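# Residue-level structure breakdown
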Amino acid sequence: MDHFNYKDGQLHAEDVPLSRIAAEVGTPVYVYSAATLTRHFGLFRQALDWTDHLVCFAVKANSNLAVLKLMADQGAGMDVVSGGEYARAKAAGVPGERIVFSGVGKTVSEMRQAIEGGIRQFNIESEPEMRALSALAVSMGAEVPVAIRVNPDVDAKTHEKIATGKSENKFGIPIAKSRQVYAEAAALPGLKVVGIDVHIGSQLTDLDPYRAAYAKVADLTRALRADGHDITRLDLGGGLGIPYRRDNNAPPLPIEYGQVIRDAVGDLGCEIEIEPGRNIVGNAGVLLSSVIYVKEGEGRDFLIVDAAMNDLLRPAMYGAHHDIVPVREAALGAELRPFDVVGPVCESGDTFQKGTQLPSVAAGDLIAFRSAGAYGAVMASEYNSRPLVPEVLVSGDHFAVIRARPTFEEMLSRDTIPEWL
Ligand code: LLP
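Residues numbered from 1 in each chain as written. Predicted model: local features only at pLDDT ≥ 70, side-chain atom pairs only at ≥ 80, totals over all residues. Heavy atoms only, no water.

## Some points on the overall build of the protein chain
- Looking only at helices and strands, the protein chain has twelve helices and 21 strands in total.
- Taken over the C-alpha trace, the protein chain has a radius of gyration of 23 Å; the compact-globule value for 421 residues is 22 Å, and the two agree within 12%.
- Taking the principal axes of the C-alpha coordinates as reference, the protein chain spans close to 70 × 60 × 40 Å.
- For the protein chain, the share of sequence-separated contacts (at least 6 apart) that also reach a separation of at least 24 residues comes to 70%.
- As presented, the protein chain carries roughly 17,700 Å² of accessible surface, and 51% of it is formed by carbon and sulfur atoms.
- Positive and negative side-chain charges in the protein chain, numbering 41 and 55 respectively, have mean positions lying 2 Å apart. (Helix = DSSP H or I, 4+ residues; strand = E, 2+ residues; numbered from the N terminus. Rg over C-alpha atoms; globule rule 2.2 N^0.38 Å. Contact = heavy atoms within 4.5 Å. Areas by Shrake-Rupley, 256 points an atom, 1.4 Å probe, with all protein chains shown as cover. Lys, Arg positive; Asp, Glu negative; His and termini not counted. Charge placed at Lys NZ, Arg CZ, Asp CG, Glu CD.)

In structure tokens form, the structure reads like this:
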């Protein structure tokens, strides 16, 4: 459930008509609903309320400081994968002891930054990384908590670009080899082994891959304990999918996911960490856009809108679907006709959807791309020198711009022409 609904014939974010935001901020613009974010975060907490846990929001899904602050105020931890994300989490007020550092290629300077600023745990992804972290920790006189990310060789049954738990993927250490790696970790100075980490992919719509992966983690926990390791924490990753289409079967709910966790690892007495991103913020955001032109093509009509692939990359990159809806509610029984919805960028790949059924639309009308709160603004760029898309946060009947649209002057000021040119 989200808080984007039609009221009085106009699509609203909570109690704010999207048309008001478009008038005051311009388009394209991302609009998030604070109530939806809070609600979704609460569902994960509730799903794990049977045990000690920390829900670490995956910052990569949406890293706006206001969104992170909203999450932090609810007690969220953060899962970060770069020095920049770590800095954002800290700037949003998240204490180091609630930040886990994931990622396959942490640099020494990123690891130093996190040790200096405080860290709950590093999720180690390779032996060279583990050795580098040990050497760094020793040089800093620190002892850092680590979990090792194991690759359980499970098919997450999701898009190939976002599946991470198969042995051919670059992530983690093969589970078959993990006891040996844990033995080395325990022997290395500066590291304190605290747990196991696993993440098998994103936009999972079936719980079976989780069952398979978590069963392997449970077995590994017992084996590692028998080897003498003190395994007190399990980081079970993120990945629970969201409904991108209103009309099809919704993926499992957080409460069902929590039950899968309980069944698989509930008897081990470990503190549970999870790293959801998309499920918290995906349906808490829309991308609001205006129609520039309605262009009649040969055998098809194009809706040329002012949002483009640089603002919302997912359709171009993954062939992803985002429901497109008119902001002015279609009259009951209004005739629909098909449009190819495209952006202004000079590539045919800048196509959001083909044959979308929409009521009659005209230049200047507003449309919204639903389910765009996750991996939307964070993946935006200034390709074609289009200003980085702004973001707005709505709460009740008020809203705030939480990232302003840069002016051309600001954009240009980031470049420098060398004096010898
Ligand atoms: N933890 C780790 C280690 C991850 O790699 C990810 C996502 C998450 C947690 C959060 O997963 P979520 O709950 O959001 O599914 N850009 C792609 C998604 C990439 C996901 C990468 N890792 C997309 O737009 O679909």
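This is not the end of the story, as more comes after the structure.
## Points about the pattern of salt bridges
- In total, this model carries 25 salt bridges according to the counting rule given.
- Linking Arg-222 and Asp-267 is a salt bridge whose minimum nitrogen-to-oxygen distance equals 3.4 Å. In this pair, Arg-222 is assigned in helix α8 (residues 208–226) and Asp-267 in the loop between α9 (254–265) and β13 (271–274), connecting sequence segments 45 residues apart.
- A salt bridge links Arg-414 to Glu-382, with the shortest nitrogen-to-oxygen separation between them at 2.4 Å. Placement of Arg-414 in the segment after α12 (408–413) and of Glu-382 in the loop between β19 (366–369) and β20 (391–395) is noted, with a sequence separation of 32 residues between them.
- On the basis of relative accessible area, Glu-382 is assigned to the partly exposed category, the value being 21%.
- Through salt bridges with shared partners, a single network forms among Arg-120, Arg-233, Glu-271 and Glu-273. (Salt bridge = Lys/Arg side-chain N within 4 Å of Asp/Glu carboxyl O. Buried < 20%, exposed > 50% of the residue type's maximum accessible area, 1.4 Å probe, protein only.)

## Comments concerning the sheet that holds strand β2 (residues 10–13)
- On the basis of which strands lie adjacent, the open sheet formed by three strands has the order β1-β2-β3 and antiparallel pairing. The open sheet has two free edges, formed respectively by β1 (4–7) and β3 (16–17), since each of these has just one partner strand.
- Pairing geometry for β2 and β3, over two bridges, is antiparallel. Of the residues in β3, the one forming a bridge with His-12 is Pro-17. (Pairing = 2+ DSSP bridges.)

Function cannot be inferred from these measures alone, as they are strictly geometric.
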